[in-house]
Amino acid sequence: MKENYQKQLDALLAALPPEGKPRLLLQSCCGPCSSYVLEYLTRYFRVTVLYYNPNIQPRDEYDRRLYWQRELIRQLPTPEPVDLLACDYDGQRYIDAVRGLEREPEGGARCTVCFRLRLEETARQARAHGFDFFGTTLTVSPHKDAQRLNAIGAELAQQYGVRWLPSDFKKREGYKRSIELSKQYGLYRQEYCGCLYSKPVDNAAAGSRITAVTIHHAQVPYPCAHNVCNEKNGRN
């Protein structure tokens, strides 16, 4: 039987103390996916967005999404400023982690490894920086398995001693609201999840996918982090 993680989140939010918002480290893959989630959660938490996504390929795509993540944080009205913890590009770490799983279908074992890679770094950073909770925006997507993500998050919470924020943000039309906000703020909306293994090859037969990736460190016209996980206020 599937867990209802939206109801779990409702219960958790209802039990929060009326004064003194807890601190939440929220892993985000991009501005669009975080738009509704930030609108929703900043009522209850002091939020820092963690942009740690070594799966995003190529490098210019990583930087493009980071740019629009910053732009959303800068523009979105929230009760308190949202901070950004932006990590250096570490694409080789992802490639090493999913080696042998390149031909897995989208949503399969390769995605499980990717979820764990990103959520474990979030849990590690949450413990290192003294956050009360850690969570992810990934459950806003109808293409992401909320059951799997929450199971991994709960396991990592036990391992790292930081509370996991259960979620299924696609519920209650969260995904629809994210599309509305993306249009409102003129956000770039990517056409694929992140890794090139999941992206159909241009001018190839339908369904053909990339099965080998080389990391290139190209110069791109988007601002990016130069130190691993530097914390900065998104409105600066």
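This one's a predicted model, so the numbers in the text were calculated from it and none came from an experiment. (Residues numbered from 1 in each chain as written. Predicted model: local features only at pLDDT ≥ 70, side-chain atom pairs only at ≥ 80, totals over all residues. Heavy atoms only, no water.)

Draft legend 1. Spotlight on the packing of aromatic side chains. Following the criterion strictly, the structure yields 8 aromatic pairs and no others. With centroids separated by 5.7 Å and ring planes inclined at 25 degrees, the aromatic side chains of Y36 and Y40 adopt a geometry described as stacked. Of this pair, Y36 and Y40 both sit in helix α2 (residues 31-41), 4 residues apart, which is roughly one turn of that helix. Exposure class is identical for Y36 and Y40. Each is buried. Through pairs of rings, three or more aromatic residues link up here, namely Y36, Y40, Y44 and F169. Its end group placed over the ring of F131, R23 keeps NZ or CZ at 4.0 Å from the ring centre. (Phe/Tyr/Trp six-rings, centres within 6.5 Å; stacked < 30°, edge-to-face > 60°. Helix = DSSP H or I, 4+ residues; strand = E, 2+ residues; numbered from the N terminus. Buried < 20%, exposed > 50% of the residue type's maximum accessible area, 1.4 Å probe, protein only. Lys NZ or Arg CZ within 6 Å of the ring centre and 35° of its normal.)

Draft legend 2. Spatial organisation of the packing of α2 against helix α3 (residues 59-75). Viewed as axis vectors pointing N to C, α2 and α3 meet at an angle of 25 degrees, and their least axial separation amounts to 9 Å. As summarised for this structure, α2 and α3 are arranged roughly parallel, according to the angle between their axes. When you trace α2 past α3, the crossing you get is right-handed. Residues G31, S34, S35 and L38 of α2 form the contact with α3, whose participating residues are W68, Q69, L72 and I73. Here the residues of the contact of α2 with α3 sort into 4 nonpolar, 4 polar and no charged. (Axes fitted to C-alpha atoms, helices over the stretch in contact; angles between N-to-C directions. Parallel < 35°, antiparallel > 145°, perpendicular 65-115°, else oblique. Left-handed = near helix turned anticlockwise from the far one by under 90°. Contact = heavy atoms within 4.5 Å. Nonpolar A, V, L, I, M, F, W, Y, C, P; charged D, E, K, R; others polar.)

Draft legend 3. Molecular detail of the state of the cysteines. For the structure on display, the rule yields 0 disulfides. Looking at C30, it has no disulfide partner, and the nearest cysteine sulfur is the one in C29, 3.6 Å off. A disulfide-free cysteine, C33 has its sulfur positioned 3.6 Å from the sulfur of C30, the nearest such atom. Given the relative accessible area of 17%, C33 is considered buried. (Disulfide = S-S within 2.5 Å.)

Draft legend 4. Representation of the nonpolar core in the model. Residues L38, L41 and F45 are the most contacted members of the largest nonpolar core, which totals 62 residues. Take this core: its biggest share by element is 7 residues, from helix α5 (residues 109-128). What L41 contacts, discounting residues up to four positions off in sequence, is L24, L26, V47, L165 and F169. (Core = buried A, V, L, I, M, F, W, Y, C linked by side-chain atoms within 4.5 Å.)

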